[in-house]
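# Fold and geometry: a report
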Amino acid sequence: MEKVIPKITTFLMFSGQAEEAMEFYTGLFEDSRIEAIVHNEDGTVIQATFTLKGQTLMCIDSVVNHEFTFTPAISLFVTCDSEEEIDRLFGELSEGGGVLMPLDEYPHSKKFGWLVDRFGVSWQLNY
């Protein structure tokens, strides 16, 4: 049975790191997997679909070098099930990236952190 892609899906454009990013992300989150990948002859990703905690995302490797990349104005918001999960995800996702808001208590959350991972993707983690 072929998985149906939702009508509105988050789509991430990488610069040669799409497959590496998908493998990293699906290794971090439970109920996650790479659903489908189509490669170019050079091994880059033409189009891929993957699932993180049941949420479908798509990605590609851009064949064009762009002046732009990801921006924190758009981020993936993750509701974590435990403090252990948010601590682990924050540590692993922020490694090689940067912290926008440290993991801490805020007026809107008991425990929250915002970061950019090593691929440039912005994540908001909430417990």
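Residues numbered from 1 in each chain as written. Predicted model: local features only at pLDDT ≥ 70, side-chain atom pairs only at ≥ 80, totals over all residues. Heavy atoms only, no water.

## Some remarks on the side chain of S109
Formally: By the criteria applied, helices consist of DSSP H or I runs no shorter than four residues and strands consist of E runs no shorter than two, each listed in order from the N terminus. Within 3.5 Å is the distance limit for a polar contact, defined as a pair of N or O atoms, with the added protein rule that one can donate a hydrogen and the other accept it, and that residues adjacent in sequence qualify only through two side-chain atoms. In what follows, a contact means two residues having at least one pair of non-hydrogen atoms within 4.5 Å.
Counting through the fold element by element, S109 comes out in strand 7 (residues 109-116). At a separation of 2.4 Å, a polar atom in the side chain of S109 contacts the side chain of N126. When near neighbours in sequence (up to four residues on either side) are disregarded, S109 contacts N126 and Y127.

## Details of the sheet that holds strand 7
Rule in force here: At least two DSSP bridges between two strands are required for those strands to pair. Think of each axis as a best-fit line through the C-alpha atoms, taken over the contacting stretch in the case of a helix, with angles from 0 to 180 degrees between the N-to-C directions.
Strand order in the open sheet formed by four strands is 5-8-7-6, with mixed pairing between adjacent strands. On the outer flanks of this sheet lie strand 5 (76-79) and strand 6 (98-106), each paired with one strand and no other. Averaged over all neighbouring strand pairs, the angle between strand axes comes to 10 degrees, with direction disregarded. As judged from the five bridges shared by strand 6 and strand 7, these two strands associate in the antiparallel manner. Residue pairing across strands places G98 opposite V116, the latter belonging to strand 7. In the packing of helix 2 (residues 83-94) onto the sheet, contacts are made with strand 6, strand 7 and strand 8 (122-126), and the angle to strand 7 comes to roughly 15 degrees.

## What to know about the packing of helix 1 (residues 18-28) against helix 2
Where we set the bar: In these notes the angle categories are as follows: under 35 degrees is roughly parallel, over 145 is roughly antiparallel, 65 to 115 is roughly perpendicular, and the rest is oblique. Handedness of each helix crossing follows the sense of rotation of the near helix against the far helix: counterclockwise by less than a right angle gives left-handed, clockwise gives right-handed. Residue type decides the class: Asp, Glu, Lys and Arg count as charged, Ala, Val, Leu, Ile, Met, Phe, Trp, Tyr, Cys and Pro as nonpolar, and the leftover types, Gly among them, as polar.
Where helix 1 contacts helix 2, the axes come no closer than 11 Å and their chain directions differ by 165 degrees. Between helix 1 and helix 2, the interaxial angle falls into the category roughly antiparallel. The interaxial crossing formed by helix 1 with helix 2 has right-handed handedness. Contacts between helix 1 and helix 2 pair F24, Y25 and L28 from the former with R88, L89, E92 and L93 from the latter. The class makeup of the residues in the contact of helix 1 with helix 2 is five nonpolar, no polar and two charged.

## Some remarks on the sheet that holds strand 1 (residues 10-14)
An order of 1-4-3-2 is seen for the four strands of this open sheet, with the pairing classed as mixed. Both edges of this open sheet fall to strand 1 and strand 2 (33-39), since each of them pairs with a single strand only. Averaged over all adjacent pairs, the angle separating strand axes in this sheet is 15 degrees, with direction ignored. Two elements, strand 1 and strand 4 (residues 55-61), share five bridges in a ladder whose sense is parallel. Each bridged residue has a counterpart across the sheet, and for F14 the counterpart in strand 4 is D61.

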